[in-house]
Amino acid sequence: MGILLVLLLGIGLCSCSREKYRLAADREAYQIIAEKASDPRWALPGYTINIDPRSRMFDPAPLDAPPMPPDDPTSHQLMHRVDGKKGYPYWHAQGETPAVDTQQWRRYLPVDDQGVLTLDGASAVRIALMHSPSYQQQLETLYLSALDVSAERFRFDTQFFGTTSADLSTLGRLAPGAGGGSRSFLSLDVWQGTARRFFTTGADLTVGLANSILWQLSGPDTNSTTTLLDFTLVQPLLRRAGRDRVMETLTLAERTLLANVRQLERYRQGFYMDIMTGVGGQPGPTRRGGFFGTPGLGGFTGVGGGGFGGVGGAAFAGGGGAGGGGGAGAGTAGGFLGLLQAQQIIRNQEANIASLRSSLAQLEAFREAGRIDFFQVEQVRQQLYQSISQLLTSKRGYQDALDAFKRDLGLPPDVVIRIEDPVLDKFKLIDVEVVPVQNRIADLQRSAGQQILKLLPEEPPFQWSEQLEKGLQQLISYLDQLEKAQRDVLERIVPRVEADLGQLKNALDDRIEAAGRLRQLAERAREEPALPGEERLIRDVDPSLWDVAQLPQLPEQLGSQKEAVAGRVHEHAQAIEQAKDELRNLIAQGPTLAPEALAMAIQEKVVATVPALIAALSADVLELSLVQARARAESITLVPVEMTWREAVEIARRCRLDWMNARAALVDAWRLIRFNADSLESVLDVVFSGDVRNTGDNPLRLHSATGTLRVGVQFDAPLTRLLERNTYRQALIEYQQARRNYYRFEDGVATQLRAILRQIELNQVNFELRREALRVAVAQVESARLRLEEPPRQTQLEAGAAALGPTTAQNLLNALNALRGAQDDFLSVWVNYEVQRGLLDLSLGTMRLDEQGLWIDPGPIGKRFGYPDLEALGAEPWEELPPDLPAPPGIFPEAAPPPHATDDNPSSIE
């Protein structure tokens, strides 16, 4: 009994912990993945499925013994008692956790003192890589694919199995074999070991070693020892023989893992594009095994989706659309860049509203003076309210988009995020410093106008009063505020306009070079005959669009305009101070003035002066902002892209990782023809087996004289192969389907690249068209505001007619709306162009990420710019088939005979 206890204790000590098994699986899986990720094109730097402790996904509990998560109370009762039976009593032994999300990750968010997480493009991608469950799932899918390889490799390893057992049996005296007296036996199987090896030829070798000791505990004190060494070797010669059949699952698992390593790299590239732009997401790895509860590729049938009869499987597709837009611009982007674009659109709306408010205040003053009719003023008011409503809707939409973006990052919606990135700062054509000043001046216009109306009596004559004095004092305070706004314009806005004019000078060479390049492309497109399918949009563009002959003079022209405006703004200080002095004198002399003199003084020093000063500064601020908008708009250029779609397709053929996988998947389907044809053969197996035993009581004394050897042949004629025949026919059809899927994949890639390049070319043209539209819109606003500043003509005053025409307000509204629309369109074209540039790099298969998962921007794309450099990218050589390659004989017979009914084809009709 002591020996039995020692053996059982040894067995218990040999069992491994959960953690040990998990770590062993990790080591082997990471090693297998590293083998496949040895190519720098899909190196997967830093690959691991371990979750960063700073991530929301991190579980601080022990991985191998996690506590019970929150359960539904009613369902939980069924864990402890079900169908009247007690359940497992130790469900709570590992403890319980009150929440799935531990909230510990919040401590690691880089928030400021107000709890706001500020993100630029790079930090947004880093946050997504850390917190996104979808990204983590792709990492884990690749890991599981490596486990499939591990299981398939294990099939060809020598596998050892060992057991031991002890049995105590007692026979009653009447029991068979008792011999008339009760007996007790202790049987100990000291070792039952088996070694099994499966060979790539299909041979299966099993070697066993068994040792047992039998003690008789009652009756004669005897014991016996038995040792048996045996083996069996089965070698198929026809069916189930050959490496084409035997090694298929291992080959498929290894090739699938390689494809998944590539696909994960492509997924990472698409993940970057999706986070940054909302488009370009790519499918991730697809596990091919693990179905039916079996390890590796257990349950593999050789037909159906992925070879598992329709379960699971892998597919390839040309993902990532062109992401084009509609309308005069190019629509809005998604992702981080889309949020930035939405922010700028909101700023443009706010600038438009500031201009509308200023214009409305001025028109209200004109209406009081009889220079414009009521209807036109209300038109502007209606447009103002409509614009405010649109602004509020845009802000609500932005908040919804921001919440959706948080979900893409893997963060809950309650995290406060501020989106900031300088990438679109150049599209703040109306400076952010201008809008607050415009709003302050508009408020002054309204407040001063209302105050002046209060000063005017409903019926003459004018009488000095305390209320009149207080009103004049209020107007002085408004002029103080106007003076501060005037100083802000000189000290803050004018220097920023000067800086933008300097940037315009620095950008002239790039602008001229870009225009010349586009002009050459347009000329080449017009001169060269267009091949079918290569119609160029740029060929029909008016050449004047690329005319930049006047561009070198633009900085000087805008500089002169800026100097004139700045001079007027500087002069406003003296006029404002003079107006305040006159108001103070009026307050001092007012009580002594006769009603007629008081009325004339109010008209000259208040009604005709204060609103004009405010309106003049407002107009100058608007003109300065328009000068700045022109300077900024003329400074922006596009990163060059020059490539034909045929060049793009050939580059993609060499560089796209999913195209490599698509070719491999086609060959996988082709191999299954031979795999399934094996089942049509006869069974012819050679079986060789034997054993040898010990002699005497010595368990190690094995003697050949006790051994036996056997050799035989097993044959099964292919009399019934209907199911195998149908499976084989299915494999043939599925290969043809795979062929069609493959060339449809090629078609999809070509279609995608053609669409991207068309959109890029369209954006190149539209960018200049929208720049021109912006110039026109600026000129329209300047003209409309100039019309408002024209003094009334004497003939109009004498006739009692309005000084402003019946369409003045509508013209102003049209001009302001056109300016806002032109800004939005100009921005949208540039944003979409950048999206297409990233999609082109992704679709060519040339995109590269740094170790942080961020796109390494290649800059200009095209042969003349040296990108992509296929040799530097490690692209494999690709030999095109010659167009006159003869077809294999017999594929296209001149006249195929009609099908005849046969035993194999009974449904054919002669």
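Sequence positions are assigned chain by chain, starting from 1 and proceeding in written order. Local features in this predicted model are restricted to residues of pLDDT 70 or higher, and side-chain atom pairs are both shown and tallied only at a pLDDT of 80 or more, whereas totals for entire chains, interfaces and linings draw on every residue. Each side-chain value is worked out from all heavy atoms of the structure, with water and hydrogens disregarded.

Turning our eyes to something else, we now look at the overall build of the protein chain. We count a stretch as a helix when DSSP gives it H or I for four or more residues in a row; a strand needs E for two or more, and each element gets its number in order from the N terminus. A count of helical and extended segments in the protein chain gives 19 helices and 12 strands. Working definition: with a 1.4 Å probe on protein chains only, accessible area under 20% of the residue-type maximum means buried, over 50% means exposed, and in between means partly exposed. For the protein chain, the residues scored as buried account for 43% of the 910 residues in total. Here, two residues are considered to be in contact whenever any of their heavy atoms come within 4.5 Å of each other. In the protein chain, 78% of the contacts between residues at least 6 apart in sequence involve partners at least 24 apart. Accessible surface area values rest on a Shrake-Rupley calculation with a 1.4 Å probe, where residue burial reflects the displayed protein chains alone. Only carbon and sulfur atoms are counted for the fraction: they give 55% of the accessible area of the protein chain, which is about 46,900 Å².

What follows covers unusual backbone geometry. Residue Pro 868 follows Tyr 867 across a cis peptide bond; omega there is 5°. Residue placement: Pro 868 occurs in the segment after β12 (861–862). One non-glycine residue, Leu 44, adopts positive backbone phi at about 50°. Here the phi dihedral of Asp 83 falls at roughly 55°; this positive angle occurs in a residue that is not glycine. Inspection of the secondary structure puts Asp 83 in the loop between β1 (81–82) and β2 (85–86).

Turning next to the packing of aromatic side chains. Working definition: a ring pair exists when centres of Phe, Tyr or Trp rings (six-membered ring for Trp) sit within 6.5 Å. Plane angles under 30 degrees give stacked, over 60 give edge-to-face, the rest tilted. On inspection of all chains with the given rule, the structure shows 16 aromatic pairs. Ring pairing ties together the aromatic residues Phe 427, Phe 767, Phe 826 and Trp 830, which thus form one cluster. Of note, Arg 262 hangs over the ring of Trp 42, and the distance from its end group to the ring centre comes to 4.5 Å. Over the ring of Trp 645 we find Arg 754; its NZ or CZ atom is 4.5 Å from the centre of that ring. Note on criteria: charge over ring means Lys NZ or Arg CZ within 6 Å of the ring centre, with the direction from the centre no more than 35 degrees off the ring normal.

This part is about the environment of Glu 528. Topologically, Glu 528 is positioned in the loop between α11 (466–527) and α12 (554–589). With 11 residues separating them along the chain, Glu 528 and Arg 539 place their C-alpha atoms 9.9 Å apart.

Attention now moves to the side chain of Gln 752. Along the chain, Gln 752 falls in helix α17 (residues 722–789). By relative accessible area, Gln 752 is classed as buried at 7%. Polar contacts, as used here, are pairs of N or O atoms within 3.5 Å; protein pairs need one atom able to donate a hydrogen and one able to accept it. Residues neighboring in sequence count only if both atoms are side-chain atoms. Within the structure, the side chain of Gln 752 is placed 2.5 Å from the side chain of Ser 843, a separation counted as a polar contact.

Note on pairing: side chains with opposite charge can pair once their charged atoms come close. The salt bridge criterion pairs a side-chain nitrogen of Lys or Arg with a carboxyl oxygen of Asp or Glu, the two atoms within 4 Å. For the coordinates displayed, the defined rule picks out 65 salt bridges. A salt bridge links Arg 418 to Asp 112; the shortest N-O distance between them is 3.7 Å. Taken together, the positions of Arg 418 in strand β8 (residues 416–419) and Asp 112 in the loop between β2 and β3 (116–119) put the pair 306 residues apart, joining distant regions of the chain. Linking Arg 656 and Asp 658 is a salt bridge whose minimum nitrogen-to-oxygen distance equals 2.7 Å.

What follows covers the confidence of the model for the protein chain. A residue's pLDDT is the predictor's confidence in that residue, given on a scale from 0 to 100. When the pLDDT values of the protein chain are averaged, the result is 86; 88% of them are 70 or greater. Note that pLDDT drops below 50 for residues 1–9; the model gives that stretch four contacts with residues more than four away or on any other chain. Ignoring residues within four places in sequence, the model shows residues 794–801, a span with pLDDT below 50, making five contacts including any to other chains.

Below, the discussion takes up the side chain of Thr 225. With respect to the helices, strands and loops of the structure, Thr 225 is situated in strand β7 (residues 223–236). Those residues within four positions of Thr 225 in sequence are excluded, and the remaining contacts are Asn 211, Ser 212, Ile 213, Asn 694, Gly 696, Asp 697 and Pro 699.

The next point concerns the pairing of strand β10 (residues 683–694). When DSSP finds two or more bridges between a pair of strands, those strands are recorded as paired. Here nine bridges tie β7 to β10, and the two strands are oriented antiparallel to one another. Within the sheet, the bridge partner assigned to Pro 236 lies in β10 and is Asp 685. Two strands pair when backbone bridges link them, and β10 and strand β11 (residues 702–716) are joined in this way by 11 bridges, in the antiparallel orientation. Bridging across to β11, Leu 684 finds its partner in Phe 715.

Another aspect to go through is a nonpolar patch on the surface. Residues Trp 191, Leu 209, Leu 229 and Leu 702 make up a contiguous nonpolar surface patch of roughly 330 Å² in combined accessible area. Relative to the assigned elements, Trp 191 resides in strand β5 (residues 183–198). For patch detection, residues must exceed 30% relative accessible area and be free of salt bridges, and they are connected within 9 Å for like charges or within 5 Å for nonpolar side chains (Val, Leu, Ile, Met, Phe, Trp, Tyr).

Take the nonpolar core next. Counting 134 residues, the largest nonpolar core has Tyr 47, Leu 119, Leu 409, Ile 417, Ile 419 and Leu 840 as the members making the most contacts within it. A per-element tally of this core places helix α19 (residues 808–844) first, with 18 residues. Residues belong to a common nonpolar core when they are buried Ala, Val, Leu, Ile, Met, Phe, Trp, Tyr or Cys residues joined through side-chain atoms within 4.5 Å. Grouped together as the second largest cluster of nonpolar side chains are 48 residues, Leu 455, Leu 482, Ile 614 and Leu 617 included.

Looking at where Gln 386 falls in the secondary structure, it is placed in helix α9 (residues 374–409). By relative accessible area, Gln 386 is classed as partly exposed at 40%. Along the backbone, Gln 386 and Ile 353 are 33 residues apart, and their C-alpha atoms lie at a distance of 9.7 Å.

To continue, consider helix α2 (residues 18–36). Taking 1.5 Å of rise per residue, 19 residues should cover 27 Å, and α2 covers 28 Å from first to last C-alpha, within 8% of that figure. Restricting attention to buried positions, one finds in α2 the residues Asp 26, Ala 29, Ile 32, Ile 33 and Lys 36. Down the axis of α2, the buried side of the element spans an arc of 140°, and every buried residue falls inside it. In α2, the exposed positions that point more than 90 degrees away from the buried face belong to Lys 20, Arg 27 and Gln 31. Buried residues in α2 make contact with α5 (133–154) and α7 (248–277). For a helix, the expected span equals 1.5 Å multiplied by the residue count minus one. Throughout, the arc means that of the directions going from the helix axis to the C-beta atoms.

Relative to the assigned elements, Lys 470 resides in helix α11. Along the backbone, Lys 470 and Leu 455 are 15 residues apart, and their C-alpha atoms lie at a distance of 9.6 Å.

Before going further, it helps to examine the packing of α2 against α5. Structural elements are reduced to axes, namely lines fitted to C-alpha atoms, with helices fitted over the stretch in contact, and the angle between N-to-C directions of any two is expressed from 0 to 180 degrees. Relative orientation of the contacting elements α2 and α5 amounts to 95°, with a least axis distance of 9 Å. In terms of their interaxial angle, α2 and α5 are classed as roughly perpendicular. For the pair formed by α2 and α5, the contact residues are Arg 22, Ala 25, Asp 26, Glu 28, Ala 29, Tyr 30, Ile 32, Ile 33, Glu 35 and Lys 36 on the first element and Leu 142, Tyr 143, Ala 146, Leu 147, Val 149, Ser 150 and Arg 153 on the second. Asp, Glu, Lys and Arg are counted as charged, while Ala, Val, Leu, Ile, Met, Phe, Trp, Tyr, Cys and Pro are counted as nonpolar; the rest, among them Gly, fall into the polar class. Residues of the contact of α2 with α5, tallied by class, amount to 10 nonpolar, one polar and six charged. Angular relationships are summarised with four words: roughly parallel below 35 degrees, roughly antiparallel beyond 145, roughly perpendicular across 65 to 115, and oblique for the angles in between.

Glancing now at the packing of α7 against helix α8 (residues 335–368). For any two helices packed against each other, the geometry comes down to the angle between their axes and how far apart the axes lie. Here α7 crosses α8 at 15°, and the two axes come no closer than 2 Å. Here α8 runs roughly parallel to α7, going by the angle between their axes. Taken together, the residues of α8 that come into contact with α7 (itself represented by Asp 274, Ile 275, Met 276 and Thr 277) are Gly 335, Phe 336, Leu 337 and Gly 338.

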